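Here's the letter readout for the chains.
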Amino acid sequence: MNILIIGPSWVGDMMMSHSLYQQLKIQYPNCNIDVMAPNWCKPLLARMPEVRKAIEMPLGHGAFELGTRYRLGKSLREQYDMAIVLPNSLKSAFIPFFAKIVHRRGWKGESRYILLNDLRANKKDYPMMVQRYVALAFEKDAVPKADDIPVLKPYLTVGSAQQAEILKKFEKQTALLGERPIIGFCPGAEFGPAKRWPHYHYAKLAEMLITQGYAVELFGSPKDVEAGEQIRNALPAEQQPFCLNLAGQTNLNQAVDLIANCTAVVSNDSGLMHIAAATDRPLVALYGPTSPTYTPPLSDKAVIIRLIEGDLIKVRKSTDSSEGYHQSLIDIKPEKVAEKLTALLDV
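Residues numbered from 1 in each chain as written. Predicted model: local features only at pLDDT ≥ 70, side-chain atom pairs only at ≥ 80, totals over all residues. Heavy atoms only, no water.

## Thoughts on the packing of helix α8 (residues 199-211) against helix α13 (residues 334-345)
Stated formally: The convention used is that axes are lines fitted to C-alpha atoms, helices contributing only their stretch in contact, and that angles between N-to-C directions extend from 0 to 180 degrees. Comment: elements are numbered from the N terminus, with helices defined as DSSP H or I runs of at least four residues and strands as E runs of at least two. In what follows, roughly perpendicular refers to angles from 65 to 115 degrees, roughly parallel to angles under 35, roughly antiparallel to angles over 145, and oblique to any angle outside these ranges. A crossing counts as left-handed when the near helix is turned anticlockwise from the far one by less than a right angle, and as right-handed when that turn is clockwise. Any pair of residues with heavy atoms lying within 4.5 Å of one another is described as a contacting pair. Residue type decides the class: Asp, Glu, Lys and Arg count as charged, Ala, Val, Leu, Ile, Met, Phe, Trp, Tyr, Cys and Pro as nonpolar, and the leftover types, Gly among them, as polar.
At a minimum axis separation of 9 Å, α8 and α13 run at an interaxial angle of 50 degrees. When the axis of α8 is compared with that of α13, the two are oblique. α8 and α13 meet at a crossing whose hand is right-handed. Here His201, Lys204, Leu205, Met208 and Leu209 of α8 lie close against α13, whose contacting residues are Pro334, Glu335, Val337, Ala338 and Leu341. Each residue belonging to the contact of α8 with α13 can be placed in one class, and the counts come to seven nonpolar, one polar and two charged.

Structure representation (structure tokens):
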């Protein structure tokens, strides 16, 4: 059986989808799984042994372009027995329909009744995104209830030879860190600072860790360079050489190997948080207005800190600081994070 997955467009969602691929291999042991996703996802999919190949989705997030979707679907005809569509949008279901894949499975969403012929309507019975993904591995009349659904934790393979090559590539930058064990920080987040732990809290935690003999590496996209520099510049001058800002200097593939080399990671709710979890690093995950119930880090080595209750909370300007940080994240003190981190490192 050949299965086509229409994959998600975000790093964290892509990592959680790995639980689905693992379950599909259990349900259909001889299946081949191909995933259509944005090009940047390929390094992650290449590290998921259950995936045969990644197929590039050339359309950007939000682009409809029905003609292009038709041509993509037509090019995939007579190759797949089943399609599973993970996004909830109408447009995401067109390619399997145009590919004339016989079984087209997904959750009810955006009036795509004709496009999907195995439509699931009880999405709200599964409170976690990963549960919703995994539920699609099962035949419609055999889906376990939420409490019973098996969630195999996502993981990324890290080859020692490839990791050594990446570490060598960055050895000039990391030389000043010496032999200190490394704590990774992921201080960025999509959609602005409301999901970010304040840079001055990260700086205080870095100061505490460096005093204890650790070094700190900062990871993120080019958009996170400024946040990284804010952290570094808030440190005493004598400690700044032990805090390395790698934000914007790595591609996603390199970031995976460098994060896997860390002793532990502290992260906001972000895609890199899910990558840290998938590399089996001890992880302290910091949540504010977003919900750890819906998209938690899927790792036995992760500790979540959140000081407020409820699901996703709408951010109101009146509750933000002048720098855009959410009060619930401002209230998480560096000492509390250090305490949780120390407990993880002592295990």
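## Focus on unusual backbone geometry
Short version of the rule: Whether a residue is buried, partly exposed or exposed follows from its accessible area with a 1.4 Å probe, protein chains only, as a fraction of its type maximum: under 20%, in between, or over 50%, in that order.
The backbone of Glu65 sits at a positive phi, close to 45 degrees, despite the residue not being glycine. Of note, Glu65 is situated in the loop between β3 (51-56) and α3 (66-75). Of note, Asp280 is a non-glycine position whose phi angle comes to about 65 degrees, a positive value. Residue classification places Asp280 among the partly exposed residues on the basis of a relative accessible area of 38%.

## So, the sheet that holds strand β11 (residues 283-286)
Formally: For two strands to be treated as a pair, DSSP must find no fewer than two bridges joining them.
Taking strand neighbours across the sheet as the criterion, the six strands line up as β9-β8-β7-β10-β11-β12 in an open arrangement whose pairing is parallel. Edge positions in the sheet fall to β9 (243-245) and β12 (302-305), since each of these pairs with one other strand and no more. Within the sheet, the average angular offset between the axes of one strand and its neighbour, ignoring direction, is 20 degrees. Pairing of strand β10 (residues 264-268) with β11 involves four bridges; the strand directions are parallel. Bridging across to β11, Ser267 finds its partner in Ala285. Those strands touched by α8 are β7 (182-186), β8 (215-218), β9, β10 and β11, and its axis lies near 175 degrees from that of β7. Contacts between helix α9 (residues 225-233) and the sheet are confined to β8 and β9, with β9 contributing the most and set at about 165 degrees to the helix.

## Description of the nonpolar core
What tends to happen in soluble globular proteins is that the nonpolar side chains get buried as a cluster. Selection rule: Here the nonpolar core consists of buried residues drawn from Ala, Val, Leu, Ile, Met, Phe, Trp, Tyr and Cys, with membership extended through side-chain atoms lying within 4.5 Å.
Grouped together as the largest cluster of nonpolar side chains are 59 residues, with contacts concentrated most on Ile5 and Tyr21. Contact partners of Tyr21, with chain neighbours within four places excluded, come to Ile5, Met14, Ile33, Val35, Leu45, Met48, Glu50, Val51 and Leu86. In terms of nonpolar packing, the next biggest core, distinct from the first, is built from 26 residues, Leu205, Tyr214, Leu218 and Ile231 among them.

## Section: the side chain of Gln131
Along the chain, Gln131 turns up in helix α5 (residues 129-135). Owing to a relative accessible area of 8%, Gln131 belongs among the buried residues under this scheme. With residues near it in sequence (within four places) discarded, Gln131 still touches Tyr126, Ala146, Ile149 and Val151.

## Points about empty space enclosed by the protein
Let me state the cut-off plainly: Grid points spaced at 1 Å over the protein atoms alone were grouped into cavities, where a 1.4 Å probe fits but cannot get out, and pockets, open sets with protein on both sides within 12 Å along at least five of seven lines, with lining residues defined by an atom within 4 Å of a point. Grid points are joined across faces, edges and corners, and a volume is the space filled by probe spheres set on the points.
Here the structure, examined in full by the defined rule, presents one cavity of 30 Å³ or more. If you go around the largest cavity, the residues you meet are Met15, Met16, Pro154, His274, Ala277, Ala278, Pro296 and Leu298. If you list the elements that add at least two residues to the lining of the largest cavity, you get α1 (11-27) and α11 (271-278). With three residues, α11 is the largest single contributor of residues to the lining of the largest cavity. Considering only residue class, the lining of the largest cavity consists of seven nonpolar, one polar and no charged.

## Quick look at the side chain of Arg120
Going by this rule: Polar contact is defined as a pair of N or O atoms within 3.5 Å, subject to the rule that within protein one atom must be able to donate a hydrogen and the other to accept it, and that residues adjacent in sequence are counted only when both atoms are side-chain atoms.
With respect to the helices and strands, Arg120 occurs in strand β6 (residues 118-120). By relative accessible area, Arg120 is classed as buried at 3%. Within the structure, Arg120 has its side chain in polar contact with the backbone oxygen of Ala135 (distance 3.5 Å). If near-sequence neighbours (up to four positions away) are discounted, Arg120 is found in contact with Arg105, Gly106, Trp107, Lys108, Ala135, Leu136, Phe138, Glu139, Lys140 and Val143.

## Considering α3
Convention followed: Starting at the helix axis, one direction is taken to each C-beta atom, and the arc is that of these directions.
Considered for burial, the residues of α3 that qualify are Thr68, Arg69, Leu72 and Gly73. Take α3 and look down its axis: the buried residues cluster within an arc of 135 degrees, on one side only. Tucked inside the fold, the buried residues of α3 contact α4 (94-98).

## A closer look at the packing of α1 against α11
Between α1 and α11, whose axes approach to 7 Å, the crossing angle comes to 30 degrees. Classified by the angle between their axes, α1 and α11 sit roughly parallel to one another. Judged by the sense of rotation from one axis to the other, the crossing of α1 with α11 is left-handed. Between α1 and α11, the residues in contact are Val11, Gly12, Met15 and Met16 and Gly271, His274, Ile275 and Ala278, respectively.

Function-wise, these values are silent; they only describe arrangement.
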